[in-house]
Amino acid sequence: MEHTQRTEVTAPLPSMAAPPPPSPDPQFVLRGTQSAVHALHFHSGAQGQGCPLLFSGSQNGLVHIWSLQTRRVLTTLDNHGGQCVTWLQTLPQGHQLLSQGQDLRLCLWDLTEGRNAVVDFVHLESMGFCRGSTLAMGQQRWTLAVPGKGTDEVQILEMPSKTSVCTLKPEADAKPGMPMCLELWQADSSSRPLLLVGYEDGSVALWDISQRKVCSRVACHTEPVMSLDFDSQKTRGVSGSAEKALAVWSLDEQQALQVCRTHEITNPGIADVKIRPDHRILATAGWDHRIRVFHWRTMKPLAVLAFHSAAIHCVAFANDGLLAAGSKDQRISVWSLYTQT
Amino acid sequence: MAVFDTPEEAFGVLRPVCVQLTKAQTVENVEHLQTQLQSVSDSALQELQQYILFPLRFTLKTPGPKRERLIQSVVECLTFVLSSTCVKEQELLQELFSELSACLYSPKSQKPAAVSEELKLAVIRGLSTLMHSAYGDIIVTFYEPSILPRLGFAVSLLLGLAEQEKSKQIKTAALKCLQVLLLQCDCQDHPRSLDELEQKQLGDLFASFLPGISTALTRIITGDFKQGHSIVVSSLNVFYKTVSFIMADEQLKRISKVQAESTVEHRVAKLMVHREADWVKSTGGKLTILIKKIIECVSVHPHWKVRLELIELVETLLLKCSQSLVESAGPLLKALVGLVNDESPEVQAQCNQVLRHFAGQKVVVGNRAFADILSENLHSLATSLPRLMNSQDDQGKVSSLSLLLGYLKLLGPKVNFVLNSVVHLQRLSKALVQVLELDVTDIKIVEERRWNTDHLSASPKTSAMRPWSQVQRRYFRFFTDERVFLLLQQVCQLLGFYGNLYLLVDHFMGLYHESVFYRKQAAMILNELVIGAAGLDVEDLHEKHIKTSPEELREIVTSILEEYTSQENWYLVTCIKTEEMREELTLKQPGFQAITSGAHNTCQATSLPAFSKPSPTICSMNSNIWQICIQLEGVGHFAYSLGEDFRLLLMSVLYPVLEKAGDRTLLISQAATNSMMDICHACGYDSLQHLINQNSDYLVNGISLNLRHLSLHPHTPKVLEVMLRNSDASLLPLVADVVQDVLATLDQFYDKRASSFISVLHALLVALAQWFPDTNHVGQPQEHTAEKEESHLNQRILENNATTAEDIEYFLLSYLKEKDVADGNVSDFYNEEEQSKPPEVDEKDTGPDVEPPLPVQIQIATDVMERCIHLLSDKSLKIRLKVLDVLDLCVFVLQSHKNQLLPLAHRAWPSIVQRLTNDDPLAVLRAFQVRVT
């Protein structure tokens, strides 16, 4: 289908001497979702006990729990009425998994000791592809950001009580369009939760939740922002959109967003972007079937990983450095980036 | 004959006989006396002992030359009397002793008198009986220093007899008598055991004879094997009893520094030995020389009873004389250890028991722990092992390795002291690696080929019950004896069991990397180390030993396997490229093989002379083949060691092994199949099919990744083929996934590798046809096995010549009809088809704008057919034939989905027509038509 796009040379690392080695392979590939993969999330297993897990959410509404040890499906969770699962997130405390589906439900699963029961769910009011975001607020409490009722609104909930904290609606004249991606975070120095939102018009906005106002907003892209990730240590973030560029922006002390640079890529469409937990590299999920890996500080391209035969929907990093990518071709490729030097 | 119970009656009978004997000393008279004696009861005889003995002793003492016959009968008679009575007087005992000994004394020479063997025997028996008949305390007092000269005479007499006589009977009797004389008799007749003081006195006395006895006995023991084992056994017995008595630590530690005031006359005192420290030291040194000689000779004695006695000797000496014979401890232990793997089970059992006893008792030998001596011995053995392995013959290797094995067994976990020394570990490993070198000159290794490509799918049923640990026959450069190999295996296993596995694996991995030369041996050793570490076959002498934990073992195995299956160690050149190509052409066509088999043989024959001389390349290929075999065997071993835990490693191992199972070198494919069987056993799979089926996801992973680098992994399609043959419909989603990769790769390599891909596609469609038999076609054979296809094809080809104009006409007619259907209404078929769809593929994951999806197998068949259309015009006839086969199967699978089939058939038509008109395999079309219409 997209044969014209296959022009980019696949090179693992620019520093490699000629002759180029064969393009790198994934460490392994997980098959069996039988549907396009839309969400991935690693779970390292609580304090060394139990093997590391990978959750995948697919188009057909199933959530698969993979054991990374046996590389096989351990359990399949099915509670989204066959509607696409767009977001998966484990909560910091214990074995609890959040899954967001296009059936307008956000399910909270209890996975302790092999259980797999829905213990609670939140009814969502927006049908879009915008993924939610969580922020731990204390021992048991956490804040949840999900797209709200109005097309341009974001709803903030206090969990697990599900009490609505507020609804963030942009000013009437801003017209940023729908929120496309959310990222809750909190500066180390303050206790005020902040929210980054990527909008349909290509802008990224920083909301102060307690004051319910936009601190800063910057236009990063000309197309809708598909995904963003934020490095709270460097107070820098990166966003990908439907266009042929990645935007890197930073936040100054006055909490003003500024675009630092944009990075051109060969083919348009970045479905997902993730910074590795150690803040050294970032990976993007490309509609052009490629995973791109960049050096986070310099934005130097490090590798283009070609394996999938259809658009990639999501990428995820594990704490130990594994990278997983889920694609429309129904496969999940798992890469070990450290061994490829 | 009446028995005379009372002394009076007996006296009445015996008196005339005795008187007559005194008067006339003839054989007849002596014999008469003996006859009469038999009718006298023991108690009566005891009363009359002195009286009866008198004429006999008188006869002996009578001066002047006597006939031997007479002396013999007198001695025999004397013996008879003594055997029924006891000697109660010291004086009588001494006198009788002297008189009997004197019978064999020849004044002219130092040697025993040249008398008849019968007489010698009689005298020996007489002496023996005399010593047994001594009553109670008399025997102790008999051994006073003053008897020394006479005793010495008797001892040397007996030694002389035992050494120099020809008659086995005399030798045995002399040795027996010697034992009695030295109070080491093991019969029941001795009234009481000696107390410490008495033991010391006797020890002092006998010490004088020690040099003589020990050297003479050593000469006997180390003499000709042909002298009979019983002589050696009794000599050994006397030797160790004497030595252990005289040199007993118990006695020696009570010996005072200064010699006690001698009460005996000067002449005798000179003969006496005072066993003080210096004497012990020098004697110990001399004895060590003798003991070494004995051990050297006896440990290889052909008779097992002798070796058994040696164990006894070692045990006794080590237990009783560990201080005094401290220098001998090493050789003694060595002897013991060497017998651990004796071929006789009795010896082995006894040896194990003794060793266990030693190990358990923490026996201390001369201030040093038993273990210290052992590890010292092991050190020195390790040092000399490379040289020994180099110079010894097979038998020598067997004993050296047995010894090594014994040390390892005994040392147990303490073996690490030796292994931790880099020098010794290197020595040890050098020896092992050196001796394990394989002979790679054999041409057969490369030559043997597997021609039957269906081998794998057929084998599991027949070989499912294969007992574990069946090793391929290997040929080693430096030995031919199978025992050597078994010993080496055991040695490695023990090392793995007791040694620090990390250290060992690291070391041998180092060797593995170091040079191609060591690689095979190192791999062999590694395989055995892991088996040993799992502790499955090892008999543990040390109960408290902690084994390597399963997690550690798995970690180690994982790293070894990673190395084994890495690109540079797994994919080695095992056959010449051109040959490969030739085979590829002929072999990838099982359907074609039958036809070309005639030509095939000649082809093989003509190719042979080219390889008839073993060239260096053949050697290196042989070496590669062995390396792969050994590594494959290792996989099996590891599976065996890890058991169910091995399942986790299947994700990385199964693919490479399966790939090798399809290798055309017979040895490799055998080894791979064996190793898969081992995996099945270890991981609890019933059969190879089960194994492959259950782990297809891992295989698919490997296949899909390797397809990306087809030039590096040319055998990948083969693996998929095998996998398809061994899987069932439940794997359809996986298969569908990988088929996409295959087709994508095929699209890139239409020209070069089409033939192997066509095989895969063929296997795929055979599988599809099997998994989804069409319900509408009851009459059709549901099993589309390869053989059937084969015969099918052959038949068609045979029919080639028979193709006539009618066929063509018929074809064209049907073509027109076909075209009509393709262009026209197909709605009638449509509904039917919807109903016949298999239910399991009813997925509702599509949006509203997409048509109901096709069943996966239909989609696959459609895709495949698409490719076939292109390949129909391939240059190679074989590929074209195969493609037609595949096409046939596609049609079979697609027959219920007319609206997919028909457009495709329509597109295929021109190419088929092309084949029809320009090519020979026309008959294929007939089958094609049948299916389509």
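Residues numbered from 1 in each chain as written. Chains lettered and ligands numbered in written order. Predicted model: local features only at pLDDT ≥ 70, side-chain atom pairs only at ≥ 80, totals over all residues. Heavy atoms only, no water.

Attention shifts here to the overall build of chain A. Looking only at helices and strands, one finds zero helices and 28 strands in chain A. Rg of the C-alpha trace for chain A: 19 Å, near the compact-globule value of 20 Å for 341 residues, within the 12% margin. Seen through its C-alpha atoms, chain A measures out along the principal axes to roughly 60 × 45 × 40 Å. Counting across all 341 residues of chain A, residues that qualify as buried make up 56%. For chain A, the proportion of contacts with a sequence separation of at least 24, taken over those separated by at least 6, is 43%. With the model as given, the accessible surface of chain A reaches about 14,300 Å², and the carbon-plus-sulfur share is 50%. (Helix = DSSP H or I, 4+ residues; strand = E, 2+ residues; numbered from the N terminus. Rg over C-alpha atoms; globule rule 2.2 N^0.38 Å. Buried < 20%, exposed > 50% of the residue type's maximum accessible area, 1.4 Å probe, protein only. Contact = heavy atoms within 4.5 Å. Areas by Shrake-Rupley, 256 points an atom, 1.4 Å probe, with all protein chains shown as cover.)

Looking now at a negative patch on the surface. A surface patch of negative charge is lined by Asp5, Glu8, Glu9 and Glu47 of chain B. Looking at the element boundaries, glutamate 9 of chain B is found in helix 1 (residues 7-23). (Patch = residues over 30% accessible without salt bridge, like charges linked within 9 Å, V, L, I, M, F, W, Y side chains within 5 Å. Salt bridge = Lys/Arg side-chain N within 4 Å of Asp/Glu carboxyl O. Lys, Arg positive; Asp, Glu negative; His and termini not counted. Charge placed at Lys NZ, Arg CZ, Asp CG, Glu CD.)

Sheet faces and side chains relate simply in a regular strand, where the side chains alternate between the two faces. Residue and element names in this part refer to chain A. Burial analysis of strand 24 (residues 290-295) places five of its six residues in the buried class, which makes it a mostly covered element. Alignment of strand 23 (residues 281-286) against strand 24, held across five bridges, turns out to be antiparallel. Its bridge partner being in strand 24, alanine 285 is matched across the sheet by isoleucine 291. Joining the antiparallel neighbours strand 23 and strand 24 is a turn of three residues, in which histidine 289 adopts a positive phi near 75°. Summarising the sheet, strand 24 and strand 25 (residues 301-306) pair through five bridges and their orientation is antiparallel. Paired with arginine 290 across the two strands is alanine 306, which belongs to strand 25. Counting the residues in the hairpin turn of strand 24 and strand 25 gives five residues, including methionine 299, whose phi is positive at 60°. (Pairing = 2+ DSSP bridges.)

Here we come to the pairing of strand 19 (residues 236-241) of chain A. All names here are of chain A. With six of its six residues buried, strand 19 lies for the most part within the structure. Of the two faces of strand 19, the one lined by Arg236, Val238 and Gly240 and the one lined by Gly237, Ser239 and Ser241 are each fully buried. Relative to strand 19, strand 18 (residues 225-231) is paired through six bridges, and the arrangement is antiparallel. Residue aspartate 229 lies in a different strand from strand 19, and its bridge partner there is valine 238.

Within a sheet, adjacent strands bond to each other through the backbone by hydrogen bonds, running parallel or antiparallel. Residue and element names in this part refer to chain A. In space, the four strands of this open sheet follow the order 10-11-12-13, with antiparallel pairing throughout. Every interior strand has two partners, whereas the edge strands, strand 10 (133-136) and strand 13 (163-168), have only one. Within this sheet the neighbouring strands show an average axis-to-axis angle of 20°, counted without direction. (Axes fitted to C-alpha atoms, helices over the stretch in contact; angles between N-to-C directions.)

Residues and elements named next belong to chain A. Cis geometry is found at the peptide bond from methionine 159 to proline 160, where omega equals 0°. One non-glycine residue with positive phi stands out, namely arginine 71, at about 60°. Mapped onto the elements of the fold, arginine 71 is located in the loop between strand 4 (62-67) and strand 5 (72-78). A positive phi angle, near 75°, is found at histidine 289, a position not held by glycine. Relative to the helices and strands, histidine 289 resides in the loop between strand 23 and strand 24. The exposure class of histidine 289 is buried, given its relative accessible area of 5%.

Further remarks concern the sheet that holds strand 5 of chain A. All names here are of chain A. Taking strand neighbours across the sheet as the criterion, the four strands line up as 2-3-4-5 in an open arrangement whose pairing is antiparallel. Whereas interior strands pair on both sides, the edge strands pair on one side only; in this sheet they are strand 2 (37-43) and strand 5. If you compare each strand with its neighbour and ignore which way they point, the axes differ by 20° on average.

Along the chain, the position of valine 415 of chain B falls in helix 22 (residues 415-419). Considered as a pair, valine 415 of chain B and leucine 374 of chain B are 41 residues apart in the sequence and their alpha carbons are 9.4 Å apart.

Moving on to the environment of phenylalanine 478 of chain B. Residue and element names in this part refer to chain B. Looking at the element boundaries, phenylalanine 478 is found in the loop between helix 25 (455-463) and helix 26 (482-498). Judged by relative accessible area, which is 27%, phenylalanine 478 ranks as partly exposed. Separated by 41 residues in the primary sequence, phenylalanine 478 and glutamate 437 have C-alpha atoms spaced 7.1 Å apart.

Below, the discussion takes up the interface of chain B and chain A. Accessible area lost upon the coming together of the parts serves often as the stated size of an interface. Listed as interface residues are 19 residues of chain B and, on the opposing side, 19 residues of chain A. Across the interface of chain B and chain A, roughly 1,600 Å² is buried in total on both sides, 42% from carbon and sulfur atoms. Linking chain B to chain A there are five salt bridges. Inspection of the chain B/chain A interface yields nine residue pairs in polar contact (both at pLDDT 80 or more). Counting residues per element, the ones that place at least two in the side of chain B that touches chain A are helix 37 (696-707) and helix 39 (732-748) of chain B. Of the residues forming the side of chain B that touches chain A, the biggest block, six residues, is contributed by helix 37 of chain B. (Buried area = accessible area lost by both parts, 1.4 Å probe. Polar contact = N/O pair within 3.5 Å; in protein donor to acceptor, adjacent residues only side chain to side chain.)

For the structure shown, the criterion picks out 21 salt bridges over all chains. One salt bridge in this structure joins arginine 217 of chain A and aspartate 201 of chain A, with 2.7 Å as the shortest N-O distance. Pair noted here: arginine 217 of chain A is in strand 17 (residues 213-219) and aspartate 201 of chain A is in the loop between strand 15 (193-199) and strand 16 (203-208), with a separation of 16 residues, a long-range link. With a relative accessible area of 35%, arginine 217 of chain A lands in the partly exposed category. A residue is classified by how much of its surface remains accessible, and aspartate 201 of chain A, at 29% relative accessible area, is partly exposed. The partner of glutamate 95 of chain B in a salt bridge is arginine 57 of chain B, and the shortest N-O contact between them spans 2.4 Å. You can see glutamate 95 of chain B sitting in helix 6 (residues 90-102) and its partner arginine 57 of chain B sitting in helix 4 (residues 49-61), a full 38 residues away along the chain. Given a relative accessible area of 11%, arginine 57 of chain B falls into the buried group.

What follows deals with the domain arrangement of chain A. Residue and element names in this part refer to chain A. The domains assigned to chain A are domain 1 (1-31 + 265-341) and domain 2 (125-264). Listed as interface residues are 23 residues of domain 1 and, on the opposing side, 24 residues of domain 2. Summed over both partners, the interface of domain 1 with domain 2 comes to about 1,900 Å²; 60% of that surface belongs to carbon and sulfur atoms. Summed over the shared surface of domain 1 and domain 2, the result is one salt bridge. The set of elements that each furnish at least two residues to the side of domain 1 that touches domain 2 consists of strand 22 (270-275), strand 23 and strand 26 (312-317). In terms of residue count, the dominant contributor to the side of domain 1 that touches domain 2 is strand 22 (six residues). (Domains from an automatic or database assignment.)

As a further point, take the nonpolar core. Among the nonpolar cores identified, the biggest contains 285 residues, and Leu33, Leu56, Phe206 and Phe646 of chain B are the most heavily contacted of them. Top contributing element to this core by residue count: helix 40 (residues 754-771) of chain B, with 13 residues. Val29, Ile291, Ile312 and Leu337 of chain A belong to the second largest nonpolar core, which has 19 residues in total. (Core = buried A, V, L, I, M, F, W, Y, C linked by side-chain atoms within 4.5 Å.)

Helices that pack against each other are described as a pair by the angle of their axes relative to one another and the distance between those axes. Residue and element names in this part refer to chain B. Relative to each other, helix 34 (residues 650-661) and helix 35 (residues 666-683) sit at 145°, their axes nearing to 8 Å. Crossing of helix 34 over helix 35 shows left-handed handedness. Between helix 34 and helix 35, the contacting residues are Leu650, Leu654, Val657, Leu658, Lys660 and Ala661 on the first element and Ile668, Ser669, Ala672, Ser675, Met676 and Ile679 on the second. For the contact of helix 34 with helix 35, the residue count by class is nine nonpolar, two polar and one charged. (Left-handed = near helix turned anticlockwise from the far one by under 90°. Nonpolar A, V, L, I, M, F, W, Y, C, P; charged D, E, K, R; others polar.)

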